Amino acid sequence: MDQLQTIDDQRAWSRAAHMAGKRIGFVPTMGALHEGHISLIAKARAKSDVVVASVFVNPTQFDNPEDFAKYPITLEDDLAKLKAAGVDAVFLPTKEAMFPDGYCTFVELVGPLTDKMCGAARPGHFRGVATVVTKLFNIVQPDVAVFGEKDLQQVLIINRLAKDLDIPVEIIVGDTLREPDGLAMSSRNRRLSPASRQKALDLTKGLELARRAYKQGESTSLKLCEFVYNELLIHEGVEVDYCDVVSLRGFEEKDIADDTCFIAAAAFVDGVRLIDHVHLAGPAIPVAIDE
Ligand code: PAF
């Protein structure tokens with residue numbers, strides 16, 4: 001696996017791959033890799049001839065400096081996982097290379113995709129994501145890029161920006177991977193103590209209870225969100241950041257849910273921010289619920 005530290009080295013690597021007629025698959029990450037990331041690499045591999053991953057903790061997408069400072073860094077472990085997953089090259093830019101002194105250009109989407117959920121709760125977050133992903137696309141020049149469905153709003157935003165900015169990359173979505181008990185895999189899970197992890201599972205449970213209630217005829221969004229609040233707010237140290245029912249058609253918030261909708265929530269569990277969602281008409285989240 002080639003390790004590319006500079007933008008010039010990554011560009012040269014990608015140019016050589018394209019000259020050799022190879023399609024480049026790309027998986028951008030912020031490290032602290034888990035099986036979910038590895039499944040995205042497998043997806044990229046299936047759609048391309050060579051796979052590039054990047055590891056860069058992007059400072060511009062953190063709305064909270066403390067969250068940035070606490071983001072887990074596990075580079076040695078990440079490199080071993082990427083190598084074992086058969087990645088051909090890993091791009092490891094420095095913050096100074098990506099955002100040098102005097103940097104002042106940002107990519108910002110406006111409208112329904114960014115004005116709700118994490119867009120409303122974390123001002124500037126998607127501006128940071130859109131900017132870094134646009135820069136990474138310009139540097140890596142991928143034919144295909146894979147993003148996880150867990151960050152649904154993020155992947156829709158990236159798909160839109162690639163279209164709007166005429167970036168010739170196909171965006172592919174990889175399934176959310178879950179732990180055996182149903183908790184969505186996330187780099188942030190490693191910051192949860194065993195007690196916090198138990199509380200975090202109630203985010204998953206609340207969403208699955210809402211999905212079940214919808215299937216049984218409840219369509220009032222406020223009532224569906226109540227399942228999430230009721231599961232989480234019994235815990236000390238848990239704060240619900242948002243819970244929304246949103247339609248994939250137009251990305252509109254809905255008072256009355258229909259089959260185009262998903263329910264999404266974000267919560268701080270003992271200071272760790274977690275997000276998850278479920279499609280109301282989709283399959284169950286495999287989480288144990290006492291009947
Ligand atoms: O999903 C992530 O890990 C990040 O938001 C991304 C896409 C790598 C951009 O920094």
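Above this text is the structure in question.
About the cut-offs
Residues numbered from 1 in each chain as written. Predicted model: local features only at pLDDT ≥ 70, side-chain atom pairs only at ≥ 80, totals over all residues. Heavy atoms only, no water. Pairing = 2+ DSSP bridges. Helix = DSSP H or I, 4+ residues; strand = E, 2+ residues; numbered from the N terminus. Axes fitted to C-alpha atoms, helices over the stretch in contact; angles between N-to-C directions. Contact = heavy atoms within 4.5 Å. Salt bridge = Lys/Arg side-chain N within 4 Å of Asp/Glu carboxyl O. Buried < 20%, exposed > 50% of the residue type's maximum accessible area, 1.4 Å probe, protein only. Expected span 1.5 Å × (residues − 1). Core = buried A, V, L, I, M, F, W, Y, C linked by side-chain atoms within 4.5 Å. Parallel < 35°, antiparallel > 145°, perpendicular 65-115°, else oblique. Nonpolar A, V, L, I, M, F, W, Y, C, P; charged D, E, K, R; others polar.

Draft legend 1. Fine view of the sheet that holds strand E6 (residues 170-174). Taking strand neighbours across the sheet as the criterion, the 6 strands line up as E1-E4-E3-E2-E5-E6 in an open arrangement whose pairing is parallel. In the strand order of this sheet, the two ends are held by strand E1 (2-4) and E6, each with one partner. Strand-to-strand twist of the sheet, defined as the mean angle between neighbouring strand axes without regard to direction, takes the value 25°. Strand contacts of helix H4 (residues 75-84): E1, strand E3 (50-55) and strand E4 (89-91), with the helix running at about 170° to E3, the strand carrying the most contacts.

Draft legend 2. Summary view of the pattern of salt bridges. Per the counting criterion, the structure on display carries 19 salt bridges. A salt bridge links aspartate 63 to arginine 122, with the nearest nitrogen and oxygen atoms 2.9 Å apart. With a gap of 59 residues between them, aspartate 63 in the loop between E3 and helix H3 (65-70) and arginine 122 in the loop between helix H6 (118-121) and helix H7 (125-140) connect regions that are remote in the sequence. Look at arginine 122 and you get buried, because its relative accessible area is 7%. The partner of arginine 273 in a salt bridge is aspartate 241, and the shortest N-O contact between them spans 3.0 Å.

Draft legend 3. Quick look at helix H8 (residues 152-164). Relative to the 18 Å expected for 13 residues at 1.5 Å per residue, H8 spans 18 Å between its end C-alpha atoms, a close match to the ideal helical length. Listing the buried residues of H8 in full gives Leu152, Gln153, Gln154, Val155, Ile157, Ile158, Leu161 and Ala162. Each element contacted by the buried residues of H8 is listed here: H6, H7, strand E5 (144-148), E6, strand E8 (261-269) and strand E9 (272-279). Positioned one or two residues after H8, aspartate 166 has a phi angle of 55°, which is positive.

Draft legend 4. How the structure looks around the nonpolar core. In terms of nonpolar packing, the biggest core is built from 45 residues, with Met98, Phe137, Phe147 and Ile171 touching the most fellow members. Broken down by element, the residue count for this core peaks at 9 residues, all from H7. Those residues in contact with phenylalanine 137 that sit more than four places away from it in its chain are Phe26, Pro142, Ala145, Phe147, Ile158, Ile167, Val169 and Ile171. Counting residues in each nonpolar core, the second largest holds 31 residues, with Tyr214, Leu224, Cys225 and Val278 among its members.

Draft legend 5. Up close: the packing of helix H1 (residues 7-19) against H7. Running from N to C, H1 and H7 cross one another at 55°; their axes reach a closest spacing of 8 Å. For the element pair H1 / H7, the angle class is oblique. Facing Ile7, Gln10, Arg11 and Ser14 of H1, the residues of H7 in contact are Asn138, Ile139 and Val140. Its residues placed into classes, the contact of H1 with H7 shows 3 nonpolar, 3 polar and 1 charged.

Function cannot be inferred from these measures alone, as they are strictly geometric.
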